[in-house]
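# Structure assessment
Residue-level listing of the chains:
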Amino acid sequence: SHPIIFDTDPGIDDAQAIAIALRHPELELLGLTTTYGNVDVETATHNALLLSELAGRADVPVAQGAAAPLVKARHPPPAHIHGINGLGDIELPTVKGKADPRSAPQFIVDTLNARPGEVTLVAVGPVGNLAAALQLDPTITRKVKQVVIMGGSIREGGNVTPVAEANMFNDPDAAARVLTAGWPLTLVGLDVTHRCVLTGAHMARIAAGQGALGKVLAGSYGFYRDFYRQFLGIDGCCPHDSCALAWLLRPELFTTDRGHLSVATSGDAEGQTIFAPEDRGFIETRWSRNPLVEVCLGVDGEAVSDWIADTL
Ligand code: BDR
Ligand code: CA
């Protein structure tokens, strides 16, 4: 089984992924760490606590993290995509539990130090908590087993600007540090998440099997699907964040490439991820010596979507 920390900004597709993280028998969820992004960080923490409780997993620590980007001003949360409450503005049960007293970066540092070489860090929001953890303790690059990040886009183009994906755009300075920190890292970006569609039929199956948690997943799904229909003309929604877990548990459904990655931190391309495959013979640039990482470029989208629905 994979011990993981799941860093998240729930968020409707985050909620789906959190449900997988809480329940999948091959995952040992050591904690949820929260960040602003789809919602403000207090709402993210509230939703993480709520989802854990609804899954009967109030034992999972939830540590609150970044309220704003590392350097730049915060973009307003995308209420038209995830709702003001992050879960499609459906009515939500009351939360009983409380967040861990530690900050998210401290929780990450403590957990990686407690089990060196064992823990995978999965991040599916803006990556400020990972950047802050690196600042607190740079040795975590050697202690983490691997880092899986939902974010970025290599050939697909962006989803918030023509070139930038939301998680990168929401904190490009943090992303630039985290993606070049020299730890074993895989980027699961729009190149693969846009090939996956969670349909209404999938969701009907999910809701039936999940009790109170299923109600929240199905209710919020409707709001998210309306966004996809209206803006992208898709019948269904992209389960971006669950794809990071699919990559971890079913890597054979993906193809990856190795190379050097950089993130544009200013100008028109702010938040764009730029990838140079290794041995491609590009001229030396400022960043072509950045550490090698893996990026997902191909996926069996139908198999991954089915896997997500089956898992949930
Ligand atoms: C990412 O942005 C957020 O809105 C989603 O939760 C996902 O993490 C997709 O670009
Ligand atoms: Ca997210």
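Since the model is a prediction, treat every value here as computed from it, not as a measurement.

A few words now on helix 2 (residues 41–54). In a regular helix each residue adds 1.5 Å, so 14 residues correspond to 20 Å; helix 2 covers 20 Å between its end C-alpha atoms and thus fits that length. The element helix 2 is largely enclosed, with a buried count of twelve among its 14 residues. When we look at burial in helix 2, the residues that qualify are V41, T43, A44, T45, H46, N47, A48, L49, L50, L51, S52 and L54. Taken together, the buried residues of helix 2 touch strand 1 (2–8), helix 1 (12–23), strand 2 (27–34), strand 3 (62–64) and helix 11 (211–232). One or two positions beyond helix 2, positive phi appears at G56, with a value near 70 degrees.

Near ligand 1 there are 13 residues, and of these G11, D13, V124, A166 and H240 occur at the shortest range. Where the shell around ligand 1 is concerned, the elements lending two or more residues are helix 1, helix 7 (166–170) and helix 12 (240–249). Per-class residue counts for the shell around ligand 1 are three nonpolar, six polar and four charged.

Bridge analysis of strand 6 (residues 185–188) against strand 9 (residues 292–299) gives two bridges, and the strand direction is parallel. Paired with L187 across the strands is V295, a residue of strand 9. Pairing of strand 7 (residues 254–263) with strand 9 involves seven bridges; the strand directions are antiparallel. Opposite T255, over in strand 9, you have G298 as the bridge partner.

Within the open sheet, the nine strands sit side by side as 3-2-1-4-5-6-9-7-8. Their pairing is mixed. If you trace the sheet from one side to the other, it starts and ends with strand 3 and strand 8 (273–277), each paired once. Along the sheet, successive strands turn relative to each other by an average axial angle of 30 degrees, direction set aside. Inspection of the sheet shows strand 4 (residues 120–123) paired to strand 5 (residues 146–150) by four bridges, in the parallel sense.

Tracing the chain through its elements places L179 in helix 8 (residues 172–179). Considered as a pair, L179 and V293 are 114 residues apart in the sequence and their alpha carbons are 8.0 Å apart.

Interhelical geometry of helix 4 (residues 104–114) versus helix 5 (residues 128–136) gives an angle of 60 degrees and a closest axis separation of 8 Å. Compared by their axis directions, helix 4 and helix 5 come out oblique. When the axes of helix 4 and helix 5 are compared, the crossing they make is right-handed. Facing A104, P105, Q106, I108 and V109 of helix 4, the residues of helix 5 in contact are N129, A132, A133 and L136. The residue inventory of the contact of helix 4 with helix 5, partitioned by class, reads seven nonpolar, two polar and no charged.

Right, let's get into the UniProt feature "domain: Inosine/uridine-preferring nucleoside hydrolase" (unreviewed entry) in the protein. Those places that UniProt annotates as "domain: Inosine/uridine-preferring nucleoside hydrolase" (unreviewed entry) correspond, in this numbering, to residues 4–304. Taken end to end, residues 4–304 is 39% helix and 17% strand, and its two terminal C-alpha atoms sit 20 Å from one another.

V122, V188 and A244 are the most contacted members of the largest nonpolar core, which totals 99 residues. For A244, the contacting residues outside a window of four places in its chain are A17, V122, V124, V148, M150 and V188.

A two-sided burial pattern is seen for strand 6, the buried positions comprising L185 and L187 on one face and T186 and V188 on the other. Two elements, strand 5 and strand 6, share four bridges in a ladder whose sense is parallel. Residue pairing for strand 6: V147 is matched across the bridge by L185.

What follows deals with helix 12. The element helix 12 is extensively covered by neighbouring structure, given that nine of its ten residues are classed as buried. Every buried residue of helix 12 is accounted for by H240, D241, S242, C243, A244, L245, A246, W247 and L248.

At the junction of P10 and G11, the peptide bond is cis and its omega measures out at -10 degrees in the coordinates. Relative to the helices and strands, G11 resides in the loop between strand 1 and helix 1. Its identity as a non-glycine residue notwithstanding, D89 has a phi of 55 degrees, on the positive side. Following the sequence through the fold, D89 ends up in the loop between helix 3 (79–82) and helix 4. The class for D89 is partly exposed, based on 14 C-beta atoms found within 10 Å.

Time to look at the packing of helix 1 against helix 2. Remark: helix 1 packs on helix 2, axes separated minimally by 10 Å, with the N-to-C direction vectors making an angle of 45 degrees. It follows from the interaxial angle that helix 1 and helix 2 lie oblique. As helix 1 packs across helix 2, the resulting crossing turns out to be right-handed. In contact with A15, I18, A19 and L22 of helix 1, helix 2 contributes N47, A48, L51 and S52. Of the residues that constitute the contact of helix 1 with helix 2, the class distribution is six nonpolar, two polar and no charged.

What counts, and where the lines are drawn
- Residues numbered from 1 in each chain as written.
- Chains lettered and ligands numbered in written order.
- Predicted model: local features only at pLDDT ≥ 70, side-chain atom pairs only at ≥ 80, totals over all residues.
- Helix = DSSP H or I, 4+ residues; strand = E, 2+ residues; numbered from the N terminus.
- Expected span 1.5 Å × (residues − 1).
- Buried ≥ 20, exposed ≤ 12 C-beta atoms within 10 Å, placed from the backbone.
- Contact = placed C-beta atoms within 7 Å.
- Near = placed C-beta within 6 Å.
- Nonpolar A, V, L, I, M, F, W, Y, C, P; charged D, E, K, R; others polar.
- Pairing = 2+ DSSP bridges.
- Axes fitted to C-alpha atoms, helices over the stretch in contact; angles between N-to-C directions.
- Parallel < 35°, antiparallel > 145°, perpendicular 65-115°, else oblique.
- Left-handed = near helix turned anticlockwise from the far one by under 90°.
- UniProt positions renumbered as here; feature names shortened; annotations may be inferred.
- Core = buried A, V, L, I, M, F, W, Y, C linked by C-beta atoms within 7 Å.

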